[in-house]
Amino acid sequence: MSFSLIPDYSFGKLTDIDVELLKRSGIKLLLLDLDNTVSPYGEKKPSDEMKSWFDGMKNEGITLFIVSNTRKPMAGVFARELGVDYIIRAKKPFGKGVQRALAVTGFSEGETALAGDQIFTDTLAANLANVTSFLVEPILLNYPWLTLRYWVEKPFRMMAKNDLRRQRHE
Ligand SMILES: [Mg+2]
């Protein structure tokens, strides 16, 4: 367990994560934040691009699992559309969401990564749970509070151990 705000890897968007990196790193379970990682706030359905990325990962034998802090039942609609299991009200960074996903799927911490767009919830949750932390840029900064939080997180984004971003919010 590490109380660290530094991501192991940083990507422009979720769909930039490719299966080769996961296989090289021994990652078999990819936990996913929902809001602004899979879909922007307020969207009702996943995009076609996101659906085909999910299908591609699953075809390569990667298990995908949504771990969201949301309280909204809409998360279930997304999970069904994308054909994955999910946990809502996960209370990242301190909740037991990651451990519950590991227990349900049977994968070890070393076989698991958590991808999300927020340093103080997703990256910290991954590092506390001893799974690989993948940070992505938020899909859409469509509210002032999202932009503010993004800038507070910026120094930690810059410190990612492996910065694989091609797209950035400047
Ligand atoms: Mg998020």
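Residues numbered from 1 in each chain as written. Predicted model: local features only at pLDDT ≥ 70, side-chain atom pairs only at ≥ 80, totals over all residues. Heavy atoms only, no water.

## Considering empty space enclosed by the protein
- Going through the model one piece at a time under the given rule, you end up with 1 cavity of 30 Å³ or more.
- Here the largest cavity defines a volume of roughly 40 Å³.
- Lining the largest cavity are Asp117, Gln118, Pro138, Leu141, Leu146, Arg149, Tyr150, Glu153 and Arg157.
- Tallied by class, residues from the lining of the largest cavity come to 4 nonpolar, 1 polar and 4 charged. (1 Å grid on protein atoms, 1.4 Å probe; cavity = no way out; pocket = protein on both sides within 12 Å on 5 of 7 lines; lining within 4 Å. Points joined across faces, edges and corners; volume = space filled by probe spheres on them. Nonpolar A, V, L, I, M, F, W, Y, C, P; charged D, E, K, R; others polar.)

## Some points on the sheet that holds strand β2 (residues 29-32)
- The strand order across the open sheet formed by 7 strands is β4-β3-β2-β5-β6-β1-β7, and the pairing between neighbours is parallel. At either margin of the open sheet sits one strand with a lone partner, and together these are β4 (85-87) and β7 (162-164). Going from strand to strand, the sheet's axes swing by 20° on average, the running direction of each strand aside.
- With 3 bridges joining them, strand β3 (residues 63-67) and β4 adopt parallel strand pairing. Within β4, the position partnered with valine 67 by the bridge is isoleucine 87.
- Across the sheet, helix α2 (residues 48-59) is in contact with β2 and β3; its angle to β3 comes to roughly 130°. (Pairing = 2+ DSSP bridges. Helix = DSSP H or I, 4+ residues; strand = E, 2+ residues; numbered from the N terminus. Axes fitted to C-alpha atoms, helices over the stretch in contact; angles between N-to-C directions. Contact = heavy atoms within 4.5 Å.)

## Re the coordination of the magnesium ion
- Protein coordination at the magnesium ion comes from Asp33 (OD), Asp35 (O) and Asp117 (OD), with a distance range of 2.1 to 2.2 Å.
- Sequence positions of the donors to the magnesium ion reduce to the motif D-x1-D-x81-D. Linking aspartate 35 in the loop between β2 and α2 with aspartate 117 in the loop between β5 (112-116) and α5 (119-128), this pair joins segments that are 82 residues apart in sequence. (Donors = N, O, S within 2.8 Å, 3.2 Å for Na, K, Ca; no water.)

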